[in-house]
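Listed below are the residues making up each chain.
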Amino acid sequence: MKHSGKIAPEPAIEIPAPARIKPYWTTGILASMTIAIGLFAQPIYLLAEMVAHQLLNPQLYIEAVLGGGQL
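The structure displayed is predicted, hence computed values, not measured ones.

A.B. asks: Help me out: how do you make sense of the overall build of the protein in this one?
C.D. replies: Counting its regular elements, the protein contains three helices and zero strands. Start at the N end of the protein and walk to the C end: the helices and strands fall as α-α-α. Counting the 71 residues in the protein, one finds 0% classified as buried. Counting every atom, the protein has about 7,100 Å² of accessible surface; 70% of that belongs to carbon and sulfur.

In structure tokens:
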């Protein structure tokens with residue numbers, strides 16, 4: 001390969017160091033959350049099941065908010 005002797009132009013904008021690192025630590029956070037969800041699957045599942053039960057039984061919410069009174 002022949003070298004033409006031309007020097008590549010300098011970039012118009014210099015990217016600061018923190019901006020170059022940011023994508024790596026955000027990926028690390030997402031990977032850590034994925035591992036945590038895998039390790040603590042049962043408590044997360046139980047929480048989701050409890051929330052689903054509450055959503056499917058609105059009477060529990062009505063009693064908690066209105067004190068058991070009927071409309």
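A.B. asks: Before we go on, may I ask you to explain a nonpolar patch on the surface in this structure?
C.D. replies: Where nonpolar side chains cluster on the molecular surface, the patch consists of Ile35, Ile37, Leu39, Phe40 and Ile44 and spans about 530 Å² of accessible area. Tallying contributions element by element places helix H1 (residues 17–39) first for the nonpolar patch, with three residues. Mapped onto the elements of the fold, isoleucine 37 is located in helix H1.

What counts as what
Residues numbered from 1 in each chain as written. Predicted model: local features only at pLDDT ≥ 70, side-chain atom pairs only at ≥ 80, totals over all residues. Heavy atoms only, no water. Helix = DSSP H or I, 4+ residues; strand = E, 2+ residues; numbered from the N terminus. Buried < 20%, exposed > 50% of the residue type's maximum accessible area, 1.4 Å probe, protein only. Areas by Shrake-Rupley, 256 points an atom, 1.4 Å probe, with all protein chains shown as cover. Patch = residues over 30% accessible without salt bridge, like charges linked within 9 Å, V, L, I, M, F, W, Y side chains within 5 Å. Salt bridge = Lys/Arg side-chain N within 4 Å of Asp/Glu carboxyl O.

Take it as geometry only, folks, not as evidence of what the structure does.
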